[in-house]
Amino acid sequence: MSGKRTPGDYVFLEQLGQGSYSTVFRAVERTNGGRNYAIKVCGKKHIIREKKVKYVTIEKDLLNNLARGGHPGIVRLFCTFHDAENLYFVLEYVSGGELLSLLRRNGPLPESWSKHLFAQLVDTVDYMHAQGVIHRDLKPENVLLSQEGRIVITDFGAACALSNSAQDRAASFVGTAEYVAPELLLYSQCGLGSDVWALGCILYQLTQGAPPFRGENELKTFEQIVALDYKWKIPTTPQITALVRNILVLDPMQRPSSKQLKQNSWFSSIDWNDRATLWKGIWE
Ligand code: ATP
């Protein structure tokens, strides 16, 4: 795309989702063959009132940087523009819905699907971490599925660059209660290991249908997290329970890195270099 875009360049269609500081619409470009996009519209007044200006800027910069690698698991950002009221992020349209909706529809997933989707997640987080980016809000709402059923991570609104994490954003809880890592609750610290913690919660949820830590309110959820108080409700394989147990440890230094996760024996059937097979959708 070239030249400054305006909202008038697009036909805005149905609402795809609503976040805390944005609304996302499907939109088609008036020219260029009517290609589909997801446009995230952030109200300027709301962003300023909620002191989110810095986060929106970070989201744009990090997505632009990550997009250069062209990784299939990161949502593509085509361009941004603004008018008097709003900021607009023109994103790749990911049409298969949220991973959360799949879990709500299907309940716990078969092991083959869990492994395939989780492998794609691990590969994407490994790429992100190699670029020095911590997502900080990994959860099934922020994992979208393409039409073919491959994962695309979205919502980098809480993300930060590793170099800035300690001084900049460490003290703030910006994630989602169920997936927040204990080091953030206990020591106001957040690092690459916090994303790995969220991956552990997501793997549990893929096989159990619900996250490992969920109290009747946020405080109760936090108490469960720091006490590592979770139970397996549906029988699953020893390899999966061992992997989740390895990840869900209080000390982030004792958690496997995303690279180490790839070496786990549960993934022995996965060839990480065979990108075509790894990135096949579950519905292909
Ligand atoms: P949060 O309150 O979680 O920070 P947010 O304001 O940052 O939310 P997003 O999470 O980016 O907003 O988007 C809200 C919802 O819109 C998503 O959960 C998803 O359902 C939908 N959505 C976002 N991006 C896309 C996309 N590229 N394609 C399709 N749907 C999308």
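Residues numbered from 1 in each chain as written. Predicted model: local features only at pLDDT ≥ 70, side-chain atom pairs only at ≥ 80, totals over all residues. Heavy atoms only, no water.

K.L.:
Teacher, can you tell me more about the overall build of the protein chain here?
P.N.:
Helix and strand counts for the protein chain stand at 11 helices and nine strands. Against the compact-globule benchmark of 19 Å for 284 residues, the protein chain has a radius of gyration of 19 Å, which places it among compact chains. Its C-alpha atoms give the protein chain principal-axis dimensions of about 55 × 40 × 35 Å. Burial analysis of the protein chain (284 residues in total) assigns 50% to the buried set. Nonlocal contacts in the protein chain, meaning residues at least 24 apart in sequence, comprise 65% of its contacts between residues at least 6 apart. (Helix = DSSP H or I, 4+ residues; strand = E, 2+ residues; numbered from the N terminus. Rg over C-alpha atoms; globule rule 2.2 N^0.38 Å. Buried < 20%, exposed > 50% of the residue type's maximum accessible area, 1.4 Å probe, protein only. Contact = heavy atoms within 4.5 Å.)

K.L.:
Just to check I follow, could you spell out the site of the ligand for this structure?
P.N.:
What surrounds the ligand is a group of 20 residues, the closest being Ser-20, Ser-22, Lys-40, Glu-92 and Glu-98. In the environment of the ligand, a nitrogen atom lies 2.7 Å from a nitrogen or oxygen atom belonging to the backbone of Glu-92. Val-94 is positioned with one of its backbone polar atoms (N or O) 3.1 Å from a nitrogen atom of the ligand. For the ligand, the protein covers 90% of the area, taking 620 Å² as the surface of the free molecule. Using a 2 Å cut-off from the grid points, one finds that the ligand occupies the largest pocket. The set of elements that each furnish at least two residues to the shell around the ligand consists of strand 1 (10–18), strand 3 (36–43) and strand 5 (86–92). Looking at the shell around the ligand residue by residue, the class counts come to eight nonpolar, six polar and six charged. (Near = heavy atom within 4 Å. Polar contact = N/O pair within 3.5 Å; in protein donor to acceptor, adjacent residues only side chain to side chain. Areas by Shrake-Rupley, 256 points an atom, 1.4 Å probe, with all protein chains shown as cover. 1 Å grid on protein atoms, 1.4 Å probe; cavity = no way out; pocket = protein on both sides within 12 Å on 5 of 7 lines; lining within 4 Å. Sits in = over half its atoms within 2 Å of the grid points. Nonpolar A, V, L, I, M, F, W, Y, C, P; charged D, E, K, R; others polar.)

K.L.:
I would appreciate a short explanation of the pairing of strand 2 (residues 23–29) in the present structure.
P.N.:
Of all seven residues in strand 2, five are buried, a share of seventy percent or more. Connecting strand 1 to the next strand, strand 2, in antiparallel fashion are four residues. Hairpin geometry of strand 2 and strand 3 is characterised by an intervening segment of six residues between the two adjacent antiparallel strands and by a positive phi of about 65 degrees at Asn-32. (Pairing = 2+ DSSP bridges.)

K.L.:
Help me understand the packing of aromatic side chains in this model?
P.N.:
A ring pair, where both rings are aromatic, is described by two values, the distance of the centres and the angle of the planes. Under the defined criterion, the tally for this structure stands at 16 aromatic pairs. Aromatic pair Phe-81 and Tyr-88: ring centres 4.8 Å apart, planes at 20 degrees, arrangement stacked. Of the residues examined, Tyr-88 reaches a relative accessible area of 6% and is grouped as buried. For the ring pair Tyr-204 and Trp-232, a centre distance of 4.8 Å and an interplane angle of 45 degrees mean the geometry is tilted. Residue Tyr-204 is located in helix 7 (residues 192–208), and its partner Trp-232 is located in the loop between helix 8 (218–226) and helix 9 (238–247); the two are separated by 28 residues in the primary sequence. Relative accessible area serves as the criterion here: at 28%, Trp-232 is assigned to the partly exposed category. Taken together, the aromatic side chains of Tyr-10, Phe-12, Phe-25, Tyr-37, Phe-78, Phe-81 and Tyr-88 make up a single cluster linked through ring pairs. (Phe/Tyr/Trp six-rings, centres within 6.5 Å; stacked < 30°, edge-to-face > 60°.)

K.L.:
Sorry, what's going on with the state of the cysteines here?
P.N.:
Every disulfide links exactly two cysteines, by a covalent bond between their sulfur atoms. Counting across every chain of the model gives zero disulfides. With no disulfide of its own, Cys-79 lies 13 Å from the sulfur of Cys-42, the closest cysteine sulfur. Residue Cys-79 is classed as buried on the basis of its relative accessible area of 15%. The thiol of Cys-201 is not disulfide-bonded; the next cysteine sulfur, from Cys-190, is found 13 Å away. (Disulfide = S-S within 2.5 Å.)

K.L.:
Please explain the pairing of strand 3 as it appears in this structure.
P.N.:
Taking burial as the measure, the eight residues of strand 3 include six buried ones, the bulk of the element. In this structure, strand 2 lies alongside strand 3, joined through six bridges in antiparallel fashion. Its bridge partner lying in strand 3, Phe-25 is registered against Ile-39. In this sheet, strand 5 lies alongside strand 3 in antiparallel orientation, the contact comprising seven bridges. Bridge assignment links Lys-40 to a residue of strand 5, and that residue is Phe-89.

K.L.:
Hey, could you run me through the layout of surface pockets in this one?
P.N.:
In this approach the atoms are scanned with a rolling probe the size of a water molecule, which exposes any empty space left behind. Reported here for the largest pocket is a volume of approximately 760 Å³. Along the walls of the largest pocket sit 34 residues, with Gly-19, Glu-141, Asn-142, Thr-154 and Asp-155 positioned nearest its centre. If you list the elements that add at least two residues to the lining of the largest pocket, you get strand 1, strand 3 and strand 5. Here the element with the most residues in the lining of the largest pocket is strand 1; it accounts for three residues. Of the residues in the lining of the largest pocket, the class split is 12 nonpolar, 13 polar and nine charged. Roughly 260 Å³ of volume is contained in the second largest pocket. Taken together, 14 residues form the lining of the second largest pocket, with Val-56, Thr-57, Lys-60, His-82 and Leu-87 sitting closest to its centre. Going through the elements one at a time, helix 1 (44–49), helix 2 (53–67), strand 4 (77–82) and strand 5 are the ones with two or more residues in the lining of the second largest pocket. Take the lining of the second largest pocket: its biggest share by element is four residues, from helix 2. Looking at the lining of the second largest pocket, its residues break down into eight nonpolar, three polar and three charged. (Points joined across faces, edges and corners; volume = space filled by probe spheres on them.)

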